[in-house]
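Now for the letters of each chain:
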Amino acid sequence: MAKSGSFSQNVEFLNLLPKRGPNAFSAFCEALRETKQQHLEAMILKTISNLSHGIARLEHCYGSNLPFPASESCNSKRPRWIGLFCTEPMEHSLDNGDGPPIPPVKYCTPEFYHDHQHLAYKLVSEPRGLALILSNVHFSSEKDLEYRAGGDVDCTSLEMLFKHLGYQVTVFHDQTAQEMQNALERFSKLPDHRDVDSCVVALLSHGVEGGVYGSDGKLLQLQEAFRLFDNANCPNLQNKPKMFFIQACRGDETDRGVDQRDGKEWSDSPGCEESDANKEENLKLRLPTCSDMICGYACLKGTAAMRNTKRGSWYIEALTSVFAEDSRDTHVADMLVKVNRQIKQREGYAPGTEFHRCKEMSEYCSTLCRDLYLFPGYLPGK
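Procedures and definitions
Residues numbered from 1 in each chain as written. Predicted model: local features only at pLDDT ≥ 70, side-chain atom pairs only at ≥ 80, totals over all residues. Heavy atoms only, no water. Helix = DSSP H or I, 4+ residues; strand = E, 2+ residues; numbered from the N terminus. Contact = heavy atoms within 4.5 Å. Areas by Shrake-Rupley, 256 points an atom, 1.4 Å probe, with all protein chains shown as cover. Expected span 1.5 Å × (residues − 1). Buried < 20%, exposed > 50% of the residue type's maximum accessible area, 1.4 Å probe, protein only. Arc of directions from axis to C-beta. Phe/Tyr/Trp six-rings, centres within 6.5 Å; stacked < 30°, edge-to-face > 60°. Axes fitted to C-alpha atoms, helices over the stretch in contact; angles between N-to-C directions. Parallel < 35°, antiparallel > 145°, perpendicular 65-115°, else oblique. Left-handed = near helix turned anticlockwise from the far one by under 90°. Nonpolar A, V, L, I, M, F, W, Y, C, P; charged D, E, K, R; others polar. Polar contact = N/O pair within 3.5 Å; in protein donor to acceptor, adjacent residues only side chain to side chain. Disulfide = S-S within 2.5 Å.

Student: Even after reading the chapter, I still don't get the overall build of the chain, so can you show me in this structure?
Tutor: When helices and strands are tallied, the chain shows 9 helices and 12 strands. Put simply, 79% of the contacts in the chain that link residues at least 6 apart link residues at least 24 apart. Element-wise, carbon and sulfur atoms account for 51% of the exposed surface of the chain, whose accessible area totals about 20800 Å².

In structure tokens form, the structure reads like this:
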């Protein structure tokens, strides 16, 4: 430490100390004293004191347990404070305080159901379907994946949302990649899928494009997960809607955003539509291998997802809020558009860093063939 070295190397060294046990910092300070580097010890302790006073002042203004931003990427390029002191730079809370608990789900009316059910997927079973949440927040040290502060908030929010929407929910925490794969396989093969009208899968973890990390630092490939629920491998869910929500990075690039140009928003020109000619009529009804799925992603390919260490991730916070409020009269694809709109409007707050005013953009892909209304609270004949 006394010799000259890169700042990033020093920061990385100090970030490793908290991971070496509760006595690591004391041992480090003792080593500084023994090597006659008391001035460095004094500087570090003074920094801790100043940061503590600063946080106390902020807590007085905004309440305790301040939120901090973090990334779902394993190789985040965003700067962070030395781990002993503060973790990541503070992210601005849009409501200047803690996010409220998930609002109660508003139920649809019988009139709405009868007016819309003829164009929608059948979704009246009790329960509506089975839901599986795999949430990883703690990781082994081999991959140096950081603790996902705020990840438990996401898990709890989604669990409550799905229950309020009428789903039977199963949750697994801190699973290895193989355990995640096994849990997904068991879930996809449950015979109870035959008696319900839909299913939901949520994966919450660190990630890269095309995969999410198990607690052991190994990757679960998303295409393998989706394949378990296709028409070939999960016949009990054929022609039934299957929803997936992925809260994980798909890269480590931070979206810096751009300034909006003046004037009206630009829109794409309508595309041309082609028709297939000379199609032969099939004598036997067949299904494509993959259909009736919709998947929401927290961020775009190659970019990092934002997570508030107190309120949870930007994406899950928006998702739970929109679904609780609007599922009574809005189908899932339109709700995910509204989630996109909320994410588009949000930005990070970390003055003095490249992280300041960072952006995120969620997206979804769909092979749904009908409107997917969740019809919360509606039960025929009751």
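Student: Even after reading the chapter, I still don't get the environment of G348, so can you show me in this structure?
Tutor: Tracing the chain through its elements places G348 in the loop between helix 9 (332-345) and strand 12 (363-366). Here the alpha-carbon distance between G348 and M306, two residues 42 residues apart in the chain, equals 8.4 Å.

Student: Sorry, what's going on with helix 5 (residues 151-164) here?
Tutor: Side chains of residues three or four places apart in an α-helix project in the same direction, reflecting 3.6 residues per turn. Helix length check: helix 5 (14 residues) gives 20 Å between terminal C-alpha atoms against 20 Å at 1.5 Å per residue, within 8%. If you check which residues of helix 5 are buried, you get G151, D154, C155, S157, L158, L161 and F162. Across the axial projection of helix 5, the buried residues extend over an arc of 165°, all falling on one side. Positioned one or two residues after helix 5, G166 has a phi angle of 100°, which is positive.

Student: Explain the environment of Q221 to me, please; I cannot follow it from the model alone.
Tutor: Within the secondary structure, Q221 sits in strand 7 (residues 219-221). Taking the C-alpha atoms as reference points, Q221 and G211, separated by 10 residues in sequence, lie 4.4 Å from one another.

Student: Would you mind showing me how to read unusual backbone geometry here?
Tutor: Comment: phi is negative for the bulk of residues other than glycine, and the bulk of peptide bonds are trans. The omega torsion across E126 and P127 is 5°, close enough to zero to call that bond cis. The residue P127 is located in the loop between helix 4 (110-116) and strand 2 (129-135) in this model. Notably, N239 is not glycine yet its phi reads approximately 65°, a positive angle. With respect to the secondary-structure elements, N239 resides in the loop between helix 7 (222-227) and strand 8 (242-247). In this structure N239 comes out as partly exposed when scored by relative accessible area, which is 48%.

Student: Would you explain the packing of aromatic side chains in this entry?
Tutor: The description of an aromatic ring pair uses the distance of the two centres, along with the angle that the planes make with each other. Across all of its chains, the model carries 10 aromatic pairs by this definition. With 4.8 Å between their ring centres and 80° between their planes, Y113 and F375 make a pair best called edge-to-face. Residue Y113 is located in helix 4, and its partner F375 is located in the segment after strand 12; the two are separated by 262 residues in the primary sequence. With respect to burial, Y113 and F375 carry one shared label: buried. A ring pair is formed by F245 and F323, whose centres lie 5.9 Å apart and whose planes are at 85°; its orientation type is edge-to-face.

Student: I tried to follow the packing of helix 5 against helix 8 (residues 314-326) on my own but got confused; where do I start?
Tutor: When two helices pack together, their arrangement is captured by the angle between the axes and the distance separating the axes. Between helix 5 and helix 8, the least distance of the axes is 10 Å, while the angle of their chain directions is 20°. By the angle between their directions, the pair helix 5 and helix 8 is classed as roughly parallel. Helix 5 and helix 8 meet at a crossing whose hand is left-handed. Contact residues: D154, S157, L158 and L161 in helix 5; I316, L319, T320, F323 and A324 in helix 8. By residue class, the composition of the contact of helix 5 with helix 8 is 6 nonpolar, 2 polar and 1 charged.

Student: Explain the side chain of H206 to me, please; I cannot follow it from the model alone.
Tutor: Position of H206 relative to the elements: it lies in the loop between strand 4 (198-204) and strand 5 (207-208). A polar atom in the side chain of H206 sits 2.7 Å from the backbone oxygen of E146.

Student: Quick question: what am I supposed to make of the state of the cysteines here?
Tutor: By definition, a disulfide links the sulfur atoms of two cysteines through a covalent bond. If you walk through the whole model with that rule in mind, you get 0 disulfides. Cysteine C249 shares no disulfide, and the gap to the nearest cysteine sulfur, in C299, comes to 5.4 Å. The buried category is assigned to C249, whose relative accessible area is 1%.

Student: Mind showing me how you'd approach helix 9 here?
Tutor: Here helix 9 spans 20 Å end to end across 14 residues, near enough to the 20 Å set by a 1.5 Å rise per residue. Taken together, the buried positions of helix 9 are occupied by V332, A333, M335, L336, V339, N340 and I343. The buried side chains of helix 9 occupy one side of the element, clustering within an arc of 155° when seen end-on. Next to the buried residues of helix 9 lie strand 8, strand 9 (293-297), helix 8 and strand 12.

The values are spatial; any link to function lies outside them.
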